[in-house]
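# A look at the structure
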Amino acid sequence: MNLRVVCIGEAMVELSLGKSNDPNAQVGFAGDTLNTAIYLKRAAPQLQIEYATKLGTDAFSERMINMMRDEDLGVDLIKRDDAREPGLYAITTDDHGERSFSYWRSASAATQMLSGHSIDLDEMMKADVVYASAISVAILPSEDRTRFLDWVKSYRAQGGRFAFDSNYRPRLWENQAQAQDTIKAFWNQADIGLPSVDDEQAIFGDADSDAVIARLNNWGVRSGALKRGSQGPAALDGSAAPDCQPADKVVDSTAAGDSFNAGYLSALLTGAEHSDCLCAGHEMAKKVIGHRGALLPRPDKKQQ
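Residues numbered from 1 in each chain as written. Predicted model: local features only at pLDDT ≥ 70, side-chain atom pairs only at ≥ 80, totals over all residues. Heavy atoms only, no water.

## Some points on the packing of helix α9 (residues 256–268) against helix α10 (residues 274–288)
Geometry of a packed helix pair, given as the angle between the helix axes and the separation of the axes. Two elements in contact, α9 and α10, have axes separated by 7 Å at closest approach and are oriented at 145 degrees. Seen along the crossing, α9 lies across α10 with a hand that is right-handed. Residues A256, S259, F260, A262, G263, Y264, A267 and L268 of α9 form the contact with α10, whose participating residues are H274, D276, C277, L278, A280, G281, H282, M284, A285 and V288. Here the contact of α9 with α10 is composed, by residue class, of 12 nonpolar, five polar and one charged. (Axes fitted to C-alpha atoms, helices over the stretch in contact; angles between N-to-C directions. Helix = DSSP H or I, 4+ residues; strand = E, 2+ residues; numbered from the N terminus. Left-handed = near helix turned anticlockwise from the far one by under 90°. Contact = heavy atoms within 4.5 Å. Nonpolar A, V, L, I, M, F, W, Y, C, P; charged D, E, K, R; others polar.)

What follows is the structure, encoded as structure tokens:
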């Protein structure tokens with residue numbers, strides 16, 4: 001039986017800016033968990049991948065849903081809001097491929113995905129794996145964060161597996177203490193951990209990757225991968241990591257972590273050895289950072 005994976009979060013309009021003297025921008029659709037959902041489906045088409053969020057009834061929202069359908073994602077868990085629209089962000093990159101972001105998202109429909117006409121959490125309960133990030137949580141009102149955490153506990157109690165990435169955007173949190181408390185609570189529920197060393201250090205002040213792994217192990221997170229950029233990933237269970245070579249060239253590091261998560265999960269959920277899962281994540285991220293923007297051009301379906 002094919003596994004059913006639900007990725008939950010925020011889908012946004014993406015503006016990818018060129019060089020500083022270029023007034024033009026490429027327009028696309030992306031978002032951390034959406035990027036992972038798309039790359040996961042491309043890497044493992046046999047998996048049933050669905051996206052859960054709330055969008056508007058505007059033209060951008062309609063095009064987003066059409067794009068997700070074109071990527072063979074399930075969209076039945078997407079709710080619509082007549083009064084709100086998707087958020088927007090712009091990417092700029094420096095000469096080394098490092099990116100910076102500008103956001104317009106405070107009133108996006110996704111912030112209300114667990115309020116009012118909410119996404120169907122009872123239907124999500126039927127998934128084999130649910131994947132979320134700290135961004136998925138941070139955009140929610142505080143009472144909805146608590147509601148989602150309680151749902152995750154119930155979901156796991158019924159046998160579901162929860163995958164989590166502590167993707168950290170400080171501006172989405174009231175303060176660092178709130179981010180620490182909330183992200184720790186979700187780490188305590190994670191069956192599959194997909195942290196990045198720089199995020200974990202920024203949130204919790206760990207000295208190095210060994211300290212990150214030790215803390216997460218102490219919180220019960222013993223399965224998954226610690227993303228370390230060009231150093232290659234480390235296994236959270238302490239097993240030996242493969243020798244992963246850095247990318248030859250970095251054009252744009254946008255979605256590096258999202259694509260790693262997809263590559264890792266695609267291998268893990270289709271039965272690969274753990275060292276191969278680590279390699280799959282690293283190799284997918286290497287491909288993505290050689291391309292401008294969050295999503296590589298969609299391959300021909302016949303080549304999948």
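## Remarks on the layout of surface pockets
Roughly 390 Å³ of volume is contained in the second largest pocket. Residue lining of the second largest pocket: 14 residues in total, with Y103, R105, R169, R171 and L172 positioned closest to the centre. Of all the elements, strand β7 (residues 99–104) adds the most residues to the lining of the second largest pocket, at four residues. Its residues placed into classes, the lining of the second largest pocket shows eight nonpolar, three polar and three charged. (1 Å grid on protein atoms, 1.4 Å probe; cavity = no way out; pocket = protein on both sides within 12 Å on 5 of 7 lines; lining within 4 Å. Points joined across faces, edges and corners; volume = space filled by probe spheres on them.)

## Comments concerning the nonpolar core
Taken as a class, soluble globular proteins show a tendency for nonpolar side chains to be buried jointly. Ranked by size, the top nonpolar core spans 48 residues in total, and within it L34, I49, M68, Y264 and L265 carry the most contacts. With near-sequence residues (within four places) excluded, I49 lies in contact with V5, C7, A37, L40, K41, D72, L73 and G74. Counting residues in each nonpolar core, the second largest holds 45 residues, with I119, V137, L140 and I183 among its members. (Core = buried A, V, L, I, M, F, W, Y, C linked by side-chain atoms within 4.5 Å. Buried < 20%, exposed > 50% of the residue type's maximum accessible area, 1.4 Å probe, protein only.)

## Section: the pattern of salt bridges
Within this structure, the stated rule accounts for 11 salt bridges. The closest approach of N and O atoms between R105 and E10, which form a salt bridge, is 2.6 Å. Of the two residues, R105 sits in the loop between β7 and α3 (121–124) while E10 sits in the loop between β1 (4–8) and β2 (12–17), which places them 95 residues apart along the sequence. Given the relative accessible area of 11%, R105 is considered buried. Each of R4, E50, E123 and K126 takes part in a single network of salt bridges with overlapping partners. (Salt bridge = Lys/Arg side-chain N within 4 Å of Asp/Glu carboxyl O.)

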